[in-house]
Amino acid sequence: MPSLAANRAIREMYAARITKLEFEERSKKLVPLNELKLELAKLHLSVRDNLRTVPDRIAPLLAAETDQAKIHSIILEEIRICLEGLKNFDIS
């Protein structure tokens with residue numbers, strides 16, 4: 001059976017861990033898992049919706065284009081635009 005001193009040390013160790021977690025949560029270094037999942041789901045839907053609209057936006061441009069380099073450039077630019085929103089993603 002642990003001594004009183006050992007029990008106190010264990011209790012203090014756990015109290016210190018809880019205090020650290022509370023501090024990290026308040027300083028936004030730690031976020032609840034359910035909030036993270038919700039924000040990631042929103043991000044997923046946004047990226048998915050942006051990518052799904054690419055064909056509608058560029059099909060007329062590509063149909064009229066015969067230069068392979070120009071076609072590549074158009075596709076690359078649309079993908080860049082779709083992914084641009086990722087850099088502004090913020091969990092807060």
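Below is a short write-up of the structure.

Observations concerning the environment of Glu 39
Inference 1: Within the secondary structure layout, Glu 39 lies in helix H2 (residues 33-52).
Inference 2: Glu 39 gets classed as buried once you look at its relative accessible area, which sits at 17%.
Inference 3: Measuring from C-alpha to C-alpha, the distance between Glu 39 and Thr 66 comes to 41 Å, with 27 residues separating the pair along the chain.

Some thoughts on the environment of Ser 27
Inference 1: Locating Ser 27 in the fold gives a position in the loop between helix H1 (4-26) and H2.
Inference 2: For Ser 27, a relative accessible area of 32% corresponds to the partly exposed category.
Inference 3: Residues Ser 27 and Leu 38, 11 residues apart in the sequence, show an inter-C-alpha distance of 20 Å.

Concerning the pattern of salt bridges
Inference 1: One pass over the structure, following the stated rule, counts 7 salt bridges.
Inference 2: In this structure, the salt-bridge partner of Arg 26 is Glu 22, at a minimum N-O distance of 3.8 Å. Placement of both Arg 26 and Glu 22 in helix H1 is noted, with a separation of 4 residues, approximately one turn of the helix.
Inference 3: On the accessibility criterion, Glu 22 (37% relative accessible area) is partly exposed.
Inference 4: Counted as one network, the salt bridges with shared partners bring together Glu 77, Arg 80 and Glu 84.

Details of the packing of H2 against helix H3 (residues 54-63)
Inference 1: In contact at an axis separation of 5 Å, H2 and H3 are set at 25° when each is read in the N-to-C sense. Comparing the axis directions of H2 and H3 gives the class roughly parallel. Together, Asn 50, Leu 51 and Arg 52 of H2 and Val 54, Pro 55 and Arg 57 of H3 make up the contact between the two elements.
Inference 2: Its residues placed into classes, the contact of H2 with H3 shows 3 nonpolar, 1 polar and 2 charged.

Quick look at H2
Inference 1: For H2, spanning 20 residues, the distance from its first C-alpha to its last is 28 Å, which sits close to the expected 28 Å at 1.5 Å a residue.
Inference 2: Among all positions of H2, only Glu 39, Leu 43 and Val 47 are buried. Buried residues in H2, looked at end-on, bunch into an arc of 70°, giving them a common side. Away from its buried face by more than 90 degrees, H2 exposes Asn 34, Lys 37 and Arg 52.

Basis of the calculations
Residues numbered from 1 in each chain as written. Predicted model: local features only at pLDDT ≥ 70, side-chain atom pairs only at ≥ 80, totals over all residues. Heavy atoms only, no water. Helix = DSSP H or I, 4+ residues; strand = E, 2+ residues; numbered from the N terminus. Buried < 20%, exposed > 50% of the residue type's maximum accessible area, 1.4 Å probe, protein only. Salt bridge = Lys/Arg side-chain N within 4 Å of Asp/Glu carboxyl O. Axes fitted to C-alpha atoms, helices over the stretch in contact; angles between N-to-C directions. Parallel < 35°, antiparallel > 145°, perpendicular 65-115°, else oblique. Contact = heavy atoms within 4.5 Å. Nonpolar A, V, L, I, M, F, W, Y, C, P; charged D, E, K, R; others polar. Expected span 1.5 Å × (residues − 1). Arc of directions from axis to C-beta.

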